[in-house]
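Observations on the model geometry
Chain by chain, the residues run as shown.
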Amino acid sequence: MSWLLPSLPSIPGWSRPEPPAPSEDDSDKKVNGEEEDDEDLDVPPQFPLPNSAQRSQAPAPAFALAPPSPPKQRSASPPSDLNIAIINDPIPLGNMPLPHSTTTRPDFGIKAGGGLDVGGALKPPPPKKVKGRGKVALAPGHSALDWARLQRSGADLRGIEGTGYLRVTMEELKKHKSRDDAWSAFNGRVYNITPYLNFHPGGVDELMRVAGRDGTKLFMLTHSWVNMEHLMAECMIGMLVRG
Ligand code: HEM
């Protein structure tokens, strides 16, 4: 192996230390041609050394177990339902003044023990009072379905059997304003409302308010969504004309 080592110039007074000659003990450690490691080589040195100054001054090893922490004091109030830490004990601040923004601690409406103290702006609005729509209880046999059946029955609902659609003047219209002979005009068409009176969900009296006159405005103000032309198709007398 000498060829691996660079050839050093020979310096007077200096010589390469010769490796120690293998002793008889070393030869004993060779078993079946394999060299056993010396166990002492893997043991790290003690630090600090057993007779060092650090070791003599150190009262106890620094990695001794810390004493157990004292049991936590439970607050009188149960914990909040919300996952927000509410600090009961003020944090010691020494002489440090609190910033203006935190001189009063906000509670965010959270009550002690959980739940929200909804007050002021957070309070839900009171339930709206629903104004009575003025629907009436219809007599048996006078439902919307009964009216539809009556319309399809072929019965004379116009009250002017045998005549076609009429041209009705305002003067003529005004003559039909009784319970058993009531006409009314809606959107330029004149209807015999008499057979419908007891079927009217708003009641007889409401419908009678427009008997003998133009009821378009009141109808639209009350229930513009009602398909009056369809409901009253079989009751149509004719068209409202000037004259
Ligand atoms: C021939 C014309 C009319 C027909 C076919 C008719 C039909 C109806 C119908 C189908 C309803 C039930 C509405 C619903 O359930 O949403 C109703 C309700 C009502 N109608 Fe009429 N109506 C007529 C004329 C009038 C007029 C002229 C008035 C008022 C003077 C009136 C007053 C009411 C009221 C107060 C109700 C109950 C409240 C409501 O449901 O809106 N109706 N009517």
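Residues numbered from 1 in each chain as written. Predicted model: local features only at pLDDT ≥ 70, side-chain atom pairs only at ≥ 80, totals over all residues.

Basically, it comes down to this: UniProt positions are given in the numbering used here, feature names are shortened, and annotations may be inferred rather than shown by experiment.
Where an unreviewed UniProt entry is consulted, the protein appears under the name Cytochrome b5 heme-binding domain-containing protein, with the organism given as Vanrija albida. On record in UniProt, under Sequence similarities (unreviewed entry), the comment for the protein is "Belongs to the cytochrome b5 family."

With respect to the pairing of strand β5 (residues 181–186)
Remember that side chains alternate between the two faces of the sheet whenever the strand is regular. Filter applied, for reference: With C-beta atoms placed from the backbone, a residue counts as buried when 20 or more other C-beta atoms lie within 10 Å of its own, as exposed when 12 or fewer do, and as partly exposed for counts between those limits. Secondary structure elements follow DSSP: runs of H or I of four or more residues count as helices, runs of E of two or more count as strands, with numbering from the N terminus. A pair of strands is labelled paired if DSSP reports no fewer than 2 bridges between them.
Burial of β5 is extensive: 5 of the 6 residues sit out of reach of the surface. Bridge count between strand β4 (residues 177–178) and β5: 2 bridges; the pairing is antiparallel. Across the sheet, the residue bridging to Lys177 is Ala182, located in β5. Between β5 and strand β6 (residues 189–192), which follow one another and run antiparallel, lie 2 residues, and Asn187 among them has a positive phi close to 50°.

Thoughts on unusual backbone geometry
The phi dihedral of Asn187 is positive, around 50°, even though this residue is not glycine. One can find Asn187 in the loop between β5 and β6. The exposed category is assigned to Asn187, around which 12 C-beta atoms lie within 10 Å.

What about the nonpolar core?
One broad trend across soluble globular proteins is that nonpolar side chains are buried collectively. Our working rule: By our criterion, buried Ala, Val, Leu, Ile, Met, Phe, Trp, Tyr and Cys residues that link up through C-beta atoms within 7 Å make up a nonpolar core. For the purpose of contact definition, each residue receives a C-beta atom placed from its backbone, and two residues are in contact when these atoms lie within 7 Å.
The biggest cluster of nonpolar side chains holds 19 residues, and the ones touching the most others in it are Trp183, Val190, Tyr191, Ile193, Tyr196, Cys235 and Ile237. Secondary structure elements with two or more residues in this core: β5, β6 and β8 (236–241). If we skip the residues at most four places from it in the chain, Val190 touches Val168, Leu173, Trp183, Ala185, Ile237, Gly238, Met239 and Leu240.

Describing the environment of Met239
Topologically, Met239 is positioned in strand β8. Met239 sits in the partly exposed class, given 13 other C-beta atoms within 10 Å. For the pair formed by Met239 and Tyr165, sequence separation is 74 residues and the distance between their alpha carbons is 7.4 Å. Beyond its immediate chain neighbours, meaning those up to four positions away, Met239 contacts Tyr165, Arg167, Val168, Gly188, Arg189 and Val190.

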